[in-house]
Amino acid sequence: MELSSNEIQKILPHRYPMQLVDKIVDYEPGVFAEGIKCVTVNEQFFCGHFPEEHVMPGVLIVEAIAQTGAVCILSMPENEGKIAFFGAIKSARFKRQVKPGDVLVVRTEITSMRGPVGFGKGVATVDGKVAATAEISFVIGNKE
């Protein structure tokens, strides 16, 4: 199953400049999601990171992992209309730089859920090579 950027916005609250998943190419609610982020030189963060050597900030790669996982969790019928908040980032590792022109492929798997608290792990790749990995936790809450 695929989701367009417009369909993602029906699930996630993120908007420019913080929507870091352009498309979901495959997912199974509550199990996994795989998405892509097409990185362009026009990204707002490149104005300061770094003006003379554009590199996508690692924390935003981890955010893309989290957003991909949030699509997976929030697409479950019981979580419709809710929001996922970061609980923790564990074991984040950065293996290669992500630059303008790269297509970041992100796969996040949900490893366990305990009530509203969940755990997942994600991998972000470019051209089949690992750019970053992270384990995350999150809490499902209601929108105010």
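In short, a report on the structure. Starting afresh in each chain, residues are numbered from 1 along the sequence in its written order. The predicted origin of the model limits local features to residues at a pLDDT of at least 70 and limits the giving and counting of side-chain atom pairs to 80 or more, whereas totals for whole chains, interfaces and linings rest on all residues. Only hydrogens and water are set aside when side-chain values are computed; all heavy atoms of the structure are taken into account.

**A short note on the pattern of salt bridges**
Put simply, the rule is: We count a salt bridge whenever a side-chain nitrogen from Lys or Arg sits within 4 Å of a carboxyl oxygen from Asp or Glu. A run of H or I in DSSP counts as a helix once it spans at least four residues, and a run of E counts as a strand once it spans at least two, with each numbered from the N terminus. Exposed residues in this analysis have more than 50% of their type's maximum accessible area, buried residues have under 20%, and partly exposed residues fall in between, with area computed by a 1.4 Å probe over protein chains only.
The full count for this structure, using the stated rule, is 5 salt bridges. A salt bridge links Arg107 to Glu34, with the nearest nitrogen and oxygen atoms 3.5 Å apart. Of this pair, Arg107 sits in strand 4 (residues 103-114) while Glu34 sits in strand 2 (residues 32-38), placing them 73 residues apart in sequence. Accessibility expressed as a relative area gives 31% for Arg107, which makes it partly exposed.

**Some words on the sheet that holds strand 3 (residues 82-94)**
Quick note on the threshold: Strand pairing is assigned whenever DSSP detects at least two bridges linking the two strands. Axis definition: a line fitted to C-alpha atoms, over the contacting stretch in the case of helices. Angles run 0 to 180 degrees between N-to-C directions.
Pairing is antiparallel in the open sheet, where 6 strands are placed in the order 1-2-4-5-6-3. Here the strands that pair on one side only, and so sit at the sheet edges, are strand 1 (23-28) and strand 3. On average, adjacent strands in this sheet sit at an angle of 20° to one another, irrespective of strand direction. Two strands pair when backbone bridges link them, and strand 1 and strand 2 are joined in this way by 5 bridges, in the antiparallel orientation. Counterpart to Asp26 in the pairing with strand 2 is Glu34.

**Regarding the packing of aromatic side chains**
Note the following rule: When the centres of two rings from Phe, Tyr and Trp lie within 6.5 Å, Trp using its six-membered ring, the rings pair. Their planes under 30 degrees apart give stacked, over 60 give edge-to-face, and anything left gives tilted.
Counted according to the given criterion, the structure contains 1 aromatic pair. Both rings, one in Phe45 and one in Phe46, keep their centres 4.6 Å apart while their planes meet at 65°; by these two values the pair is edge-to-face. Each member of the pair, Phe45 together with Phe46, is buried.

**What to know about the nonpolar core**
Nonpolar side chains in soluble globular proteins tend to end up buried together. Quick note on the threshold: Each nonpolar core is a collection of buried residues, namely Ala, Val, Leu, Ile, Met, Phe, Trp, Tyr and Cys, held together in the definition by side-chain atoms within 4.5 Å. Residues are treated as being in contact if the distance between any of their heavy atoms lies within 4.5 Å.
Within the largest apolar cluster, 18 residues are counted, with the highest numbers of intra-cluster contacts made by Met56, Ile61, Val98, Leu104, Val106 and Ala124. If you list the elements that add at least two residues to this core, you get helix 2 (58-74), strand 4, strand 5 (117-126) and strand 6 (129-142). Contact partners of Ile61, with chain neighbours within four places excluded, come to Met56, Val98, Leu104, Ala124 and Ala132. One finds Cys72, Ile73, Ile110 and Phe138 within the second-largest nonpolar core, a separate group that totals 17 residues.

**Here we look at unusual backbone geometry**
Glycine aside, a negative phi is what most residues show, and trans is what most peptide bonds show. Cis geometry marks the peptide bond from Tyr16 to Pro17; its omega dihedral reads 5°. Inspection of the secondary structure assignment puts Pro17 in the loop between helix 1 (5-11) and strand 1. Residue Phe50 follows His49 across a cis peptide bond; omega there is -15°. As for its position among the elements, Phe50 is in the loop between strand 2 and helix 2. Its identity is not glycine, yet Ser91 carries a phi of approximately 55°, on the positive side. Along the chain, Ser91 turns up in strand 3.

**As for the side chain of Gln19**
Under the convention used in this document: Pairs of N or O atoms within 3.5 Å make up the polar contacts considered here, provided that, within protein, one atom can donate a hydrogen while the other can accept it, and that residues adjacent in sequence are counted only when both atoms are side-chain atoms.
Positionally, Gln19 belongs in the loop between helix 1 and strand 1. Taking relative accessible area as the criterion, Gln19 reaches 13% and is therefore assigned buried. Here the side chain of Gln19 touches Val21 through a polar contact of 3.3 Å, landing on its backbone oxygen. Not counting residues within four places of it along the chain, the set of residues in contact with Gln19 comprises Ser5, Ile8, Gln9, His14, Lys37 and Gln67.

**Focus: the environment of Leu3**
When you line up the elements, Leu3 lands in the segment before helix 1. For Leu3, a relative accessible area of 9% gives the class buried. When the C-alpha positions of Leu3 and Val25 are compared, they lie 6.7 Å apart, and in sequence the two are 22 residues distant. When neighbours within four sequence positions are excluded, Leu3 is seen to be in contact with Ile8, Ile11, Lys23, Ile24, Tyr27 and Val71.

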